[in-house]
Amino acid sequence: MAAKLDYHWHLRKVMADRGMFSTTDLLPALAERGITLSSSQVYRLVVERPERLSLKILMALLDILDCTMDDLIEPIAAAGTVKKPKKAAVGGSAPDAEGLGGLRPKRARIKGIDRS
């Protein structure tokens, strides 16, 4: 079973490395590339981890910050997604694995009582 993937979003760190400490510093640079976002949208883009992101915006960010996707997005394994194998009960394997088969008791048959 493949592990589920997650990611870290490093836009704030990359911006700081480039000397951009305000989220509004991105507004004119995005506008130059034909992308119009409100200041609150840019703030959410920088501060929060985006779930959906336009490829045009992503490419504009890469161009503005002169970085690669590896600098912005770091893939990681999602926490708590690695399944541990189930432990078998003491004395053998789990009963569901083999079934009950011959361990079931025979059904009782009740016959009529002779009342003479």
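The preceding data block contains the structure.
Scope of this entry: the structure provided in the associated data block. (Residues numbered from 1 in each chain as written. Predicted model: local features only at pLDDT ≥ 70, side-chain atom pairs only at ≥ 80, totals over all residues. Heavy atoms only, no water.)

## Focus on the overall build of the protein chain
Inference 1: Across its full length, the protein chain holds six helices and two strands.
Inference 2: For the protein chain, the N- to C-terminal ordering of α and β elements is β-α-α-α-α-α-β-α.
Inference 3: The buried share among the 116 residues of the protein chain stands at 21%.
Inference 4: For the protein chain, contacts bridging at least 24 residues in sequence account for 67% of all contacts bridging at least 6. (Helix = DSSP H or I, 4+ residues; strand = E, 2+ residues; numbered from the N terminus. Buried < 20%, exposed > 50% of the residue type's maximum accessible area, 1.4 Å probe, protein only. Contact = heavy atoms within 4.5 Å.)

## Some remarks on unusual backbone geometry
Inference 1: Its identity as a non-glycine residue notwithstanding, Asp66 has a phi of 50 degrees, on the positive side.
Inference 2: Here Asp66 lies in the loop between helix H4 (55-65) and helix H5 (69-72).

## Topic: the packing of aromatic side chains
The relative placement of two aromatic rings is captured by the distance of their centres and the angle of their planes.
Inference 1: Going through the model one piece at a time under the given rule, you end up with zero aromatic pairs.
Inference 2: Over the face of the ring belonging to Tyr7 we find Arg49, whose NZ or CZ atom lies 4.5 Å from the ring centre. (Phe/Tyr/Trp six-rings, centres within 6.5 Å; stacked < 30°, edge-to-face > 60°. Lys NZ or Arg CZ within 6 Å of the ring centre and 35° of its normal.)

## Thoughts on the nonpolar core
Inference 1: Core analysis: the biggest nonpolar cluster contains 21 residues, and Leu11, Leu26, Leu61, Leu65 and Leu72 have the highest contact counts within it.
Inference 2: If you list the elements that add at least two residues to this core, you get helix H1 (11-17), helix H2 (26-32), helix H3 (39-47) and H4.
Inference 3: Per-element accounting of this core gives the leading share, seven residues, to H4.
Inference 4: With sequence-adjacent residues up to four places away left out, Leu65 is seen in contact with Leu11, Val14, Met15, Arg18, Met20 and Leu72. (Core = buried A, V, L, I, M, F, W, Y, C linked by side-chain atoms within 4.5 Å.)

## Comments concerning the environment of Val42
Inference 1: Locating Val42 in the fold gives a position in helix H3.
Inference 2: Residue classification places Val42 among the buried residues on the basis of a relative accessible area of 0%.
Inference 3: Taking the C-alpha atoms as reference points, Val42 and Leu26, 16 residues apart in sequence, are found 7.4 Å from one another.

## Some thoughts on the pattern of salt bridges
Inference 1: One pass over the full model with this rule turns up five salt bridges.
Inference 2: Residue Arg33 pairs with Asp63 through a salt bridge whose shortest N-O separation is 2.7 Å. Linking Arg33 in the loop between H2 and H3 with Asp63 in helix H4, this pair joins segments that are 30 residues apart in sequence.
Inference 3: Using a relative accessible area of 34% as the deciding quantity, one classes Arg33 as partly exposed.
Inference 4: Glu51 is the partner of Arg49 in a salt bridge, and the nearest nitrogen-oxygen pair spans 3.3 Å.
Inference 5: Given a relative accessible area of 35%, Arg49 falls into the partly exposed group.
Inference 6: Salt bridges sharing common partners tie together Asp6, Arg49 and Glu51. (Salt bridge = Lys/Arg side-chain N within 4 Å of Asp/Glu carboxyl O.)

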